Amino acid sequence: MAEEQNGPQGQTADTGSVGPRLWERDHEMRSIEHAVEKLCREYAAGGLKIGELLLFSGMPGIGKTTMLEQVRRIAGTRQGCTTLFARGSERERKEPFRVLRQLLMPVLGALDETERKEVFGSWYNIVAPAIGLAPPSGEIERIDPQGIHDGLDFVITQLAPRRAPLVVIVDDLHAVDQESLSWLASFAVRARELPVLLVFAFRHEFEEEALPFARQIKDRAAHRHELVQLNPVSVAAIVHDEFAEADDAFCRQVWAVTAGTPFDTVALVREVREQNLEPVEENSPRLRDLAAAARGQGRDYWLEKLGVTVIRFAWAAALLGTEIKEEVAAAICGQTATQAAESVRVLRRMRVLTSQPDGRLEFVHPLIATSIYQSIPPSTRTGMHGQAATVIENAGGSLLAASRHLLETHPGEGDDAMVRKLRRAAAENLAIGAPEAARRCLERALNEPPDEEDQAEVLFELACASLLTDPEATANQLRRAIDMEPGLSPDLRVEAVFRLSEVLAHSGDLGQAAALCLDESERAPEGPGRLRLLVAHLLYTALQRDEENGPERAGRVRRLVADVDPDSEAARPVRALHAWDLSLRGRNTTEALRAAEDALVDGRLPGSLGWTNTTWNFELPALLGLCFAYNDELARAEKLFSSAILEFEIAGWSGAHRGFAYFLMGYARLRRGFLPEAEDFLRRGLRIADRMGMGLPLTWNLVGVLIDTLLARGRDQEAWDVAVKYRFLPPYHPTALVLPDVATTYGKLLISRGDHRMAVEVLVEIGDRLDKRGWRSTVHAPWAAHLAVATAQHDPAAARKIAEDAVERARESGVPSAIGTALRLAAAVWEGAHAVRLLQEAVGQLGRSPASYEHAHALVDLGAALVQVGRIREAEEHLYQGLELAKHCGADGLEARAREVLAAAGLQPSRPTVPAKDTLNQYEYEVARLAARLLPPQRIAEELRLPLGIVKQRLAAVHRKLGTGPEGLADALGLPTDGPGQAD
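Just so you know, these numbers come straight off a predicted model, no measurement behind them.

A. Quick peek at empty space enclosed by the protein. Enumeration according to the criterion identifies 7 cavities of 30 Å³ or more in this entry. As for the largest cavity, its lining consists of 17 residues, of which Arg 87, Gly 88, Arg 91, Thr 322 and Pro 366 are closest to the centre. By residue number, the principal contributor to the lining of the largest cavity is helix α16 (residues 366-374), which donates 3 residues. Here the residues of the lining of the largest cavity sort into 4 nonpolar, 7 polar and 6 charged.

Okay, here's the thing in structure tokens:
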């Protein structure tokens, strides 16, 4: 049954639309045809940024489904146009990714092996299980839903040009599962950058949790059409199409009782035909009763129409939803193949069901499916849902499909088999990135309830289901599981406490996390679990902003290194923590690096310290990488941080984990002096942090290092604007240490603005705090040297003493970049020959380090100091070297300063003789052109058929030569800035 009755045979719309006329829908039809025509025309002309969204909304039965059928017909007549279609279902709303499977399976499942690799890239293990192309990967315990979003973005970005122009149609958007709806909402924003037309239809009754996504979609729409009721003339035409002899009064009464709703009008006309009622005025009084029966379509209505046998098959079909297999429905209602075939024949004749080309059955209209489902007696419905779950499993279906039926059964039986199935279904949902669906399964399992000895374990699983999405709920449920009697097994109790401490720590409550682990470690029996909790306690204590006795904790770590079995799983994590301690204490670089090496296996992270290994905290490999970074082993640090980004992407962890990895890589790039790349990584991480909310330690980490990077690039005002936007003021996070400690960054920011007295207060405070902990590293927090610069404005003598102390601290470590930077800053509080000597040593030290920005800074400072003492010719070479190195680092402010000093000294500033873009060779330009469209390196590598490593090398060269990150490449190359964007 169509939502709107078509007009007389052969009568077409004035707009030349495909198919019979739709009454009073000419405006909407023109909008559809214009959108499809525009999509195909502009794509043929080479357009890419041509995506558009059409919305059709209205009350039930108003004609939305028929409008979308017209879209499918129109798109189907366009050569080369690919149409994807799906329909939401109220019965299947709890089945995660169901609509995305409907949309994408037909086209993605048909890809050959070569195309599949190109379209999925490295995202296959993340996306394929979610859309039903592959079983979940056993290597990934749980996937972050944002990882699914990112993977789907990549896949569609690859697919759209290959199947363009693409028309994506979703009916009954209000009944789409939440996992699919959330992605469709985000894709509606990105679709404008692709050759895609989106067409959605919906009623206005969205579920509460779906309202934000609905608003996002509505805000994005290019055209919104609110479908209204038909007028009396159109209703009369529908009646006359069925009854040519119907009189006018009868037609007017049909309109009055149906209020012009197309579905009700067609249903009433059919009732009139089946009742053999003559369409004349005398019979008009009967129309209201017939309309009420047709509209209500309750159990008595369907029982009278279909009979007992057929209605049971119809009930089974209504339970299954939008994709109905005859044999499965027959098994649910207990019919033989012969009986089922007869039921289908009757239901097709009654225009309840229709057959699809692949043999599946489908309801002619969603309202009919809803009506039949609601006509099932409650007790019968519950039993049939249980039977449906069993039949689906027996037919080889997944627990994901069966579990939505299990959720509709009544709890209270204490059925162990039911609990086991629900727990397995929850695990499968987590493995495809659907934690909300997993949560529903586990809540239902708890309501069954499980055996008393299993209840704490099920509650623990429920807590873990929301680990990546709802930390507060996770913490509450973990506490309940830990306190429950009978409780968790000893091993699972350790796991629960460890997970709870993680949640608390990542929320910024490091003190409580540390105390929890210490308390539980004292209660736990000797063994790996106890050691695991003790290491977590020591880690969280080290990461706190303040610590009562830092040297005592460092001593405990040192003793633990000596006592732990070197072959145990805990040995490497303990050594990583020790290496971190040595680095922050400013101990000799050789000792710190030896400890870091001891934490590795053949120069690589051991399995126990893998980034996605959930046995230990991911902070431990991060601290190990920072240990290398603090000791001038930046290449090794970057290798570790690159592996973090890759592992998090493979695991689909797109939240705080990947944001933290971007922070680490951004910091390493800043230390190395690759400033545009550092800025790019940090901004990507900040976009992730912004999604998670303000005030988290991750945000402060990213903001602090981004400000440092902007200051290094000479963009002081922009750095201040970032600080204001994020309220970057002491004490930053009240309990969590920010790495590296960015109180120094705030002091530098104040110095750049001339507020030296406030800078002194900030830097003295951090110095006192870190000295109490025994942390003297001048790389982690170079507060002393900057304090000397701030103090010099009002007390030069005190400033020089502070500067000497800063240099002494740096020499203790033996790290060339630390010594060179301290010497460079110390020279700022001296003048004349002594300043020159300090800077000459600084240049020598920094020349041995990978810190190219600091090296460039020292070269320019030395050149300026030599100019001041009249050694112009000697200054010239240092200034030119510093200028060239500053240019490659993207340090625009330092480059400008070098030119100013050269000009003031009467020397010729080294101006580029050609535009910066002309310094690129053709291979670098090819990479730069694609990067300017904000394509990720992997996509660039695929398009150019190059190894990813080569692409990254060329990108590094591009960023250095042009002095900008990806977001500024288009301007630097003189290209339009409207290319397709990049998901983080």
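B. Seen up close, the pairing of strand β3 (residues 166-171). With 6 of its 6 residues buried, β3 lies for the most part within the structure. Because side chains alternate across β3, one face comprises the buried residues Leu 166, Val 168 and Val 170, and the other comprises Val 167, Ile 169 and Asp 171, equally buried. Direction of pairing for strand β2 (residues 82-87) relative to β3: parallel, over a ladder of 6 bridges. Bridging across to β3, Leu 84 finds its partner in Val 168.

C. Geometry of the packing of helix α27 (residues 571-584) against helix α28 (residues 589-598). Packing of α27 against α28 leaves a shortest axis separation of 8 Å and a crossing angle of 165 degrees. Taken together, the axis directions place α27 and α28 in an arrangement best described as roughly antiparallel. The way α27 lies across α28 gives a crossing that is left-handed. Mapping the contact onto sequence places Arg 572, Arg 575, His 578, Ala 579, Leu 582 and Ser 583 in α27 and Glu 591, Ala 592, Ala 595, Ala 596 and Asp 598 in α28. Split into classes, the residues belonging to the contact of α27 with α28 amount to 5 nonpolar, 2 polar and 4 charged.

D. Main features of the side chain of Arg 773. Along the polypeptide, Arg 773 turns up in helix α36 (residues 756-773). A polar atom in the side chain of Arg 773 sits 3.3 Å from the backbone oxygen of Arg 545. Not counting residues within four places of it along the chain, the set of residues in contact with Arg 773 comprises Thr 541, Ala 542, Gln 544, Arg 545, Asp 546, Glu 547, Gly 550 and Pro 551.

E. Representation of the nonpolar core. Core analysis: the biggest nonpolar cluster contains 226 residues, and Phe 313 and Phe 363 have the highest contact counts within it. Of the residues forming this core, the biggest block, 13 residues, is contributed by helix α13 (residues 299-320). Not counting the four nearest positions on each side in its chain, Phe 313 is found in contact with Glu 326, Ala 329, Ala 330, Cys 333, Gln 335, Ala 340, Ser 343, Val 344, Leu 347, Leu 353 and Leu 361. Of all hydrophobic cores here, the second largest spans 53 residues; its members include Leu 53, Leu 55, Val 155 and Ala 214.

F. Local environment of unusual backbone geometry. Along the chain, Ala 164 connects to Pro 165 via a cis peptide bond; the corresponding omega equals -10 degrees. Although it is not a glycine, Phe 97 sits at a positive phi angle of roughly 60 degrees. Mapped onto the elements of the fold, Phe 97 is located in the loop between β2 and α3 (98-108). Judged by its relative accessible area of 2%, Phe 97 is buried. Even without glycine at this site, Ala 259 takes up a positive phi of about 55 degrees. In this fold, Ala 259 is placed in the loop between α10 (248-258) and α11 (262-274). Overall, the relative accessible area of 43% leaves Ala 259 in the partly exposed class.

G. Examining the packing of aromatic side chains more closely. Taken as a whole, this structure holds 13 aromatic pairs when the rule is applied. Measuring from ring centre to ring centre gives 5.5 Å for Phe 202 and Phe 206, while their planes differ by 50 degrees; the resulting arrangement is tilted. A relative accessible area of 1% places Phe 202 in the buried class. You can call Phe 206 buried: its relative accessible area is 10%. Measuring from centroid to centroid gives 6.3 Å for Phe 728 and Tyr 746, while their planes differ by 65 degrees, and the two rings are edge-to-face. Of the two residues, Phe 728 is situated in the loop between α34 (716-725) and α35 (743-752) and Tyr 746 in helix α35; the sequence distance between them amounts to 18 residues.

H. The arrangement of the sheet that holds strand β1 (residues 52-57) in detail. Reading across from one edge, β2-β3-β4-β1-β5 is the order of the 5 strands in this open sheet, with parallel pairing throughout. Of all the strands in the sheet, the pair left with one neighbour each is β2 and β5 (223-226). Pairwise comparison of adjacent strand axes, ignoring direction, gives a mean angle of 10 degrees for this sheet. Taken strand by strand, helix α1 (residues 26-44) contacts β1, β3, β4 (196-202) and β5, and its axis lies near 160 degrees from that of β1.

I. A look at helix α40 (residues 832-847). Across its 16 residues, α40 extends 23 Å between first and last C-alpha, which sits within 8% of the 22 Å expected from 1.5 Å per residue. Those residues of α40 that sit buried are Ala 835, Val 836, Leu 838, Leu 839, Ala 842, Val 843, Gln 845 and Leu 846. For α40, the secondary structure elements touched by its buried residues are α39 (816-827) and α41 (852-868).

J. Seen up close, the confidence of the model for the protein. Residues with a pLDDT of 70 or more make up 94% of the protein, whose mean pLDDT is 88. In this model residues 1-20 is a low-confidence stretch, pLDDT under 50, and it forms 60 contacts with partners more than four residues away in sequence or in other chains. Per-residue pLDDT stays below 50 along residues 979-984; that stretch engages in 21 contacts with residues further than four places along the chain or on separate chains.

K. Representation of the packing of helix α31 (residues 656-672) against helix α33 (residues 697-712) within the structure. Viewed as axis vectors pointing N to C, α31 and α33 meet at an angle of 25 degrees, and their least axial separation amounts to 10 Å. Regarding the angle of α31 to α33, the classification is roughly parallel. Here the hand of the crossing between α31 and α33 comes out left-handed. Listed contacts from α33 to Ala 656, Gly 659, Phe 660, Phe 663, Tyr 667 and Leu 670 of α31 are Leu 698, Asn 701, Leu 702, Val 705, Asp 708 and Thr 709.

L. How the structure looks around the pattern of salt bridges. Evaluation of the coordinates by the stated rule reveals 68 salt bridges. Lys 94 is the salt-bridge partner of Glu 408, the closest N and O atoms lying 3.9 Å from each other. Of this pair, Glu 408 sits in the loop between α18 (399-406) and α19 (416-431) while Lys 94 sits in the loop between β2 and α3, placing them 314 residues apart in sequence. Its relative accessible area of 39% is what places Lys 94 among the partly exposed residues. The salt bridge involving Glu 457 is made with Arg 423; its shortest N-O contact spans 3.1 Å.

M. Main features of the environment of Gln 512. When you line up the elements, Gln 512 lands in helix α24 (residues 510-523). Considered as a pair, Gln 512 and Ser 501 are 11 residues apart in the sequence and their alpha carbons are 7.7 Å apart. Beyond its immediate sequence surroundings of up to four residues, Gln 512 is in contact with Arg 479 and Leu 504.

N. Spotlight on α27. For α27, with 14 residues, the first-to-last C-alpha span of 20 Å sits near the 20 Å given by 1.5 Å per residue. By the criterion of burial, α27 is predominantly enclosed, with 13 of the 14 residues buried.

O. Region of interest: the environment of Arg 687. Residue position: Arg 687 is located in helix α32 (residues 675-692). Considered as a pair, Arg 687 and Lys 639 are 48 residues apart in the sequence and their alpha carbons are 23 Å apart.

Quick notes on the rules
- Residues numbered from 1 in each chain as written.
- Predicted model: local features only at pLDDT ≥ 70, side-chain atom pairs only at ≥ 80, totals over all residues.
- Heavy atoms only, no water.
- 1 Å grid on protein atoms, 1.4 Å probe; cavity = no way out; pocket = protein on both sides within 12 Å on 5 of 7 lines; lining within 4 Å.
- Points joined across faces, edges and corners; volume = space filled by probe spheres on them.
- Helix = DSSP H or I, 4+ residues; strand = E, 2+ residues; numbered from the N terminus.
- Nonpolar A, V, L, I, M, F, W, Y, C, P; charged D, E, K, R; others polar.
- Buried < 20%, exposed > 50% of the residue type's maximum accessible area, 1.4 Å probe, protein only.
- Pairing = 2+ DSSP bridges.
- Axes fitted to C-alpha atoms, helices over the stretch in contact; angles between N-to-C directions.
- Parallel < 35°, antiparallel > 145°, perpendicular 65-115°, else oblique.
- Left-handed = near helix turned anticlockwise from the far one by under 90°.
- Contact = heavy atoms within 4.5 Å.
- Polar contact = N/O pair within 3.5 Å; in protein donor to acceptor, adjacent residues only side chain to side chain.
- Core = buried A, V, L, I, M, F, W, Y, C linked by side-chain atoms within 4.5 Å.
- Phe/Tyr/Trp six-rings, centres within 6.5 Å; stacked < 30°, edge-to-face > 60°.
- Expected span 1.5 Å × (residues − 1).
- pLDDT = per-residue confidence, 0-100.
- Salt bridge = Lys/Arg side-chain N within 4 Å of Asp/Glu carboxyl O.

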